[in-house]
Amino acid sequence: MMKKSFWIKSSLLILSALACGAVAAVVFTAMRDLPEIRRLENFSPSSVSRIYSADEVLLSEVFVQKRIPVTLEQIPDRLEDALLATEDRQFYEHSGLDLKGILRAMVHDIMAMSFEQGASTITQQLAKTLFLSPEKSLERKLKEAILALQMERRYTKDEILELYLNQVYFGSGAYGAEAAAQTYFNKSVSELRLAECAMIAGLPKAPSAYSPLIDPELAVERRNRVLRQMRQTGAITPEAYARARDKSYTRPEKGNRGKTRAPYFVDFVKRRVEAAIGSDLLYKGGVTIFTSLSWKLQQAAEQAMDKGLSELAGRMKKNGLTGSPPQGALVALDVQTGGIRAMVGGRNYHENQFNRATIARRQPGSAFKPIVYACALEHGFGQDSMLQDSPVSFSGANPDGDWTPQNFSRDYAGEITLRKALTHSKNIPAVRMLRKLGPAAVIDFARDMGITSPLSPDLSMALGTHEVTLLELTAAYAVFPNRGRFTGPHGAVRVVGPDGRMIREAEPQRRMVMSRTGAAVMTDMLKGVINEGTGRRAREIGRAVAGKTGTTDKYKDALFVGFSPAIVTGVWVGRDDYARLGPGETGARAALPIWEAFMKKALDEQPLQYFDFPDGLEQVRMDPGTGKRVSGDKGVTVRIRKSQ
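What you see is a predicted model; the values in this text were computed from it and never measured.

A. Focus on the packing of helix H10 (residues 216-232) against helix H11 (residues 238-245). Closest axis-to-axis distance for the H10/H11 pair is 10 Å, and the angle between their directions is 175 degrees. Accordingly, the angle class assigned to the pair H10 and H11 is roughly antiparallel. Contact residues: H10 offers Arg 223, Asn 224, Leu 227, Arg 228 and Arg 231, while H11 offers Pro 238, Tyr 241, Ala 244 and Arg 245. Residues belonging to the contact of H10 with H11 are distributed by class as follows: four nonpolar, one polar and four charged.

Below, the structure is given as structure tokens:
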């Protein structure tokens with residue numbers, strides 16, 4: 001009998017030792033690759049970056065996880081009470097683990113033969129969120145418990161609670177209480193009322209299922225359960241419970257919160273900023289990006305584009321043109337700073353995100369001619385210099401043999417001035433001038449003016465056959481009102497960190513491209529396009545403006561690029577599949593009305609300004625056809641160099 005008792009005791013000791021060894025092994029395995037809790041001291045949760053317009057309008061929020069950190073002082077007491085009532089009533093008493101809850105959960109899980117109840121405290125939930133995977137296993141639960149104990153020893157309860165409220169997922173893409181308040185109630189967390197606090201507190205248990213944007217009825221049911229728990233713990237009175245319980249949930253109107261304004265521009269800025277500071281800082285660093293865009297001008301640009309494209313679509317329908325709809329792009333720059341003031345990259349961003357203002361390369365047509373003539377002015381020509389407008393054929397000008405260009409109007413004026421050739425957009429004089437200057441010289445000049453797209457040294461370049469982007473062409477035109485200086489276009493003015501530290505400030509390229517007198521003469525020639533030529537419609541603006549139309553073969557592209565002393569704007573209209581816009585859809589008819597509508601609003605509240613008139617110029621009356629000086633009211637008033 002004694003021998004049998006001895007063996008029983010020995011067996012129990014051996015089994016106990018084995019059990020302890022197994023537990024020790026599991027604990028050792030769990031602790032072996034346990035994350036270091038010290039990482040929390042430098043922990044900085046990813047947060048939302050914001051992009052603002054120059055007039056302080058929020059354009060967009062940028063994030064991987066929508067998280068907006070707040071301090072515990074900004075969290076309403078009601079939200080803290082609701083969270084503790086439903087997630088961890090003993091939070092301020094325990095040391096990281098709720099032993100009673102663990103035992104209760106273990107009994108339930110053993111009976112269910114699965115991991116159904118976790119009995120996790122807020123500290124454990126935070127440890128799992130920050131350091132561990134969501135898998136359900138004994139090893140993960142052990143790691144979670146050990147980390148929770150370490151966190152409780154190192155940090156205060158308030159620090160843990162604040163981190164939890166900024167880190168946990170509340171569903172519908174919202175991380176942290178502030179993002180949840182904005183997502184579900186369109187307000188800041190500090191403005192939440194009791195019923196709203198209870199609804200948010202009920203989300204961490206099953207954020208996708210209980211999201212009121214997904215299932216409002218289930219969310220209200222969960223909210224009321226939280227309210228009952230708050231009443232049971234004495235956090236709220238029965239009267240407060242009854243009032244909050246009876247409140248219904250109304251999905252907030254989207255309004256402008258969460259909606260990206262000026263989306264084509266925002267995409268442009270994000271790409272540029274990401275290249276400069278890196279994707280981690282942009283999408284997770286909570287930076288603030290201040291841009292050059294004017295929200296007021298952006299609205300004017302979008303309205304002008306909508307109206308212009310709708311009218312064009314109507315004409316296309318009338319002409320029996322089917323297929324792809326007309327598209328458009330607009331970009332407006334500050335003449336002196338190069339800052340983008342407005343940008344439209346297409347008729348509908350949600351249908352197509354391709355930015356036709358910055359990415360698409362299209363033929364500019366006659367809108368390229370001012371670059372050729374500006375180069376000529378820098379080589380000693382004047383707007384009263386004479387060019388031959390007559391039929392011509394260039395042998396060996398292209399791989400197919402001879403090239404015989406023609407004027408768009410199919411008529412010829414003989415010998416005319418540079419001014420008249422540009423004013424009436426004559427093709428032959430422009431080609432002859434390019435030949436005189438040499439294609440290589442014009443390409444070098446175009447590069448200085450900011451044209452970065454490929455250009456081939458052939459004579460057809462004078463007619464705008466080489467594709468460029470609207471942004472680079474518009475920036476090139478800014479050289480004329482900016483006294484001959486090129487300033488690189490940009491959207492982000494400065495990037496500021498969450499601590500207010502300057503991270504990056506715009507430093508656009510600046511260089512002198514042409515003389516101040518040459519730029520003033522070129523501006524005067526482009527005024528002639530509006531006063532006497534293809535851009536006459538723009539005279540209705542009643543301000544000092546200048547510009548040039550552009551139309552490509554078979555009416556596939558229509559452009560107008562023009563400027564005032566302060567702002568330069570380019571407009572392109574076409575179809576993505578390069579199909580025709582329709583008969584007569586020139587730059588003057590399809591693009592200029594959009595430019596005019598925008599510029600009217602852009603200049604409406606601006607003081608009167610005049611183009612630069614440097615000392616090296618004089619104002620005379622000239623016959624635009626012969627270039628000879630005339631008296632009285634004959635001819636046109638032009639600006640020429642005094643030395644001429």
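So that's the structure; there's more coming.
B. Highlighting the sheet that holds strand S14 (residues 502-505). Spatial ordering of the open sheet is given by S2-S1-S5-S13-S14, a layout of five strands whose pairing is mixed. The open sheet is flanked by strand S2 (58-62) and S14, the only strands paired with a single partner. Across the sheet, the mean angle from the axis of one strand to that of its neighbour is 15 degrees, orientation sign disregarded. Two strands pair when backbone bridges link them, and strand S13 (residues 492-496) and S14 are joined in this way by three bridges, in the antiparallel orientation. Counted as the bridge partner of Val 496 is Met 502 from S14.

C. Looking closely at unusual backbone geometry. Phi is positive for Asn 186, close to 60 degrees, though the residue is something other than glycine. Examined against the element boundaries, Asn 186 turns out to sit in the loop between helix H7 (177-185) and helix H8 (194-201). Note on Asn 186: relative accessible area 30%, which makes it partly exposed. Within the chain, Arg 483 stands out as a residue other than glycine whose phi angle is a positive 60 degrees. Mapped onto the elements, Arg 483 comes out in the loop between helix H19 (470-477) and strand S12 (485-487).

D. Quick peek at empty space enclosed by the protein. One pass over the full model with this rule turns up three cavities of 30 Å³ or more. Considered as a void within the structure, the largest cavity measures approximately 70 Å³ in volume. The wall of the largest cavity is formed by Arg 356, Ala 360, Arg 362, Gln 363, Pro 364, Val 468, Thr 469, Leu 470, Leu 473, Leu 559 and Trp 572. Its residues assigned to classes, the lining of the largest cavity comprises seven nonpolar, two polar and two charged. Considered as a void within the structure, the second largest cavity measures approximately 60 Å³ in volume. Considering the residues around the second largest cavity, the lining is formed by Arg 543, Ala 544, Ser 564, Pro 565, Leu 603, Gln 606, Pro 607 and Gln 609.

E. Representation of the environment of Asn 355 in the model. The residue Asn 355 is located in the loop between strand S7 (340-344) and helix H15 (369-378) in this model. Exposure remark for Asn 355: the relative accessible area of 2% places this residue in the buried category. Sequence spacing of Asn 355 and Gly 328 is 27 residues, and the spatial spacing of their C-alpha atoms is 9.7 Å.

F. Broad picture of the pattern of salt bridges. Under the criterion given, the structure shown has 24 salt bridges. For Glu 196, the salt bridge is made with Lys 187, and the minimal N-O distance between the two is 3.2 Å. Lys 270 serves as the salt-bridge partner of Asp 267, at 3.8 Å between the closest nitrogen and oxygen. Note that Asp 267 and Lys 270 are positioned in helix H12 (residues 263-277) at a spacing of three residues, about one turn of the helix. Classification of Asp 267 by relative accessible area gives buried; the value is 17%. Several salt bridges share partner residues, and in doing so they unite Arg 50, Glu 61 and Lys 66 into one network.

G. Inspection of helix H18 (residues 439-448) at higher detail. Restricting attention to buried positions, one finds in H18 the residues Pro 439, Val 442, Ile 443, Phe 445 and Ala 446. With its buried residues spanning 165 degrees around the axis, H18 presents them on a single face. Tucked into the core, H18 has its buried residues touching H15 and helix H17 (427-437). Two residues or fewer after H18 comes Gly 450, characterised by a positive phi angle close to 100 degrees.

H. Spotlight on the layout of surface pockets. In this structure, the second largest pocket spans a volume of roughly 880 Å³. In this structure, the second largest pocket is lined by 36 residues; those nearest its centre are Phe 408, Asn 427, Thr 551, Thr 552 and Asp 553. Going through the elements one at a time, strand S16 (546-551) and helix H21 (587-604) are the ones with two or more residues in the lining of the second largest pocket. In terms of residues, the lining of the second largest pocket owes the most to one element, S16, which gives four residues. Broken down by class, the residue content of the lining of the second largest pocket amounts to seven nonpolar, 20 polar and nine charged.

I. Spatial organisation of the environment of Ser 49. With respect to the element layout, Ser 49 can be found in strand S1 (residues 49-52). Accessibility expressed as a relative area gives 0% for Ser 49, which makes it buried. When the C-alpha positions of Ser 49 and Val 496 are compared, they lie 9.8 Å apart, and in sequence the two are 447 residues distant. Of the polar contacts made by the side chain of Ser 49, one reaches the backbone oxygen of Leu 282; its length is 2.6 Å. Of note is the side chain of Ser 49, whose polar atom sits 3.3 Å from the backbone nitrogen of Gly 286.

J. Molecular detail of the packing of aromatic side chains. Inspection of every chain in the model, using the stated rule, returns eleven aromatic pairs. Aromatic pair Phe 185 and Tyr 249: ring centres 5.8 Å apart, planes at 80 degrees, arrangement edge-to-face. Taken together, the positions of Phe 185 in helix H7 and Tyr 249 in the loop between H11 and H12 put the pair 64 residues apart, joining distant regions of the chain. For Tyr 249, a relative accessible area of 15% gives the class buried. With a centroid separation of 5.7 Å and an interplanar angle of 80 degrees, the aromatic rings of Phe 563 and Phe 611 are classed as edge-to-face. One end of the pair, Phe 563, is in strand S17 (residues 557-563); the other, Phe 611, is in the loop between H21 and strand S19 (617-622), and 48 residues separate them in sequence. Each member of the pair Phe 563 and Phe 611 is classed as buried. Grouping aromatic residues by their ring pairs yields a cluster made of Tyr 477, Phe 480, Phe 563 and Phe 611. Taking NZ or CZ as reference, Lys 157 lies 4.6 Å from the ring centre of Phe 91, over its face. Across the ring face of Phe 290, the terminal group of Arg 494 is positioned such that the distance to the ring centre comes to 4.2 Å.

Definitions and limits used
Residues numbered from 1 in each chain as written. Predicted model: local features only at pLDDT ≥ 70, side-chain atom pairs only at ≥ 80, totals over all residues. Heavy atoms only, no water. Axes fitted to C-alpha atoms, helices over the stretch in contact; angles between N-to-C directions. Helix = DSSP H or I, 4+ residues; strand = E, 2+ residues; numbered from the N terminus. Parallel < 35°, antiparallel > 145°, perpendicular 65-115°, else oblique. Contact = heavy atoms within 4.5 Å. Nonpolar A, V, L, I, M, F, W, Y, C, P; charged D, E, K, R; others polar. Pairing = 2+ DSSP bridges. Buried < 20%, exposed > 50% of the residue type's maximum accessible area, 1.4 Å probe, protein only. 1 Å grid on protein atoms, 1.4 Å probe; cavity = no way out; pocket = protein on both sides within 12 Å on 5 of 7 lines; lining within 4 Å. Points joined across faces, edges and corners; volume = space filled by probe spheres on them. Salt bridge = Lys/Arg side-chain N within 4 Å of Asp/Glu carboxyl O. Arc of directions from axis to C-beta. Polar contact = N/O pair within 3.5 Å; in protein donor to acceptor, adjacent residues only side chain to side chain. Phe/Tyr/Trp six-rings, centres within 6.5 Å; stacked < 30°, edge-to-face > 60°. Lys NZ or Arg CZ within 6 Å of the ring centre and 35° of its normal.

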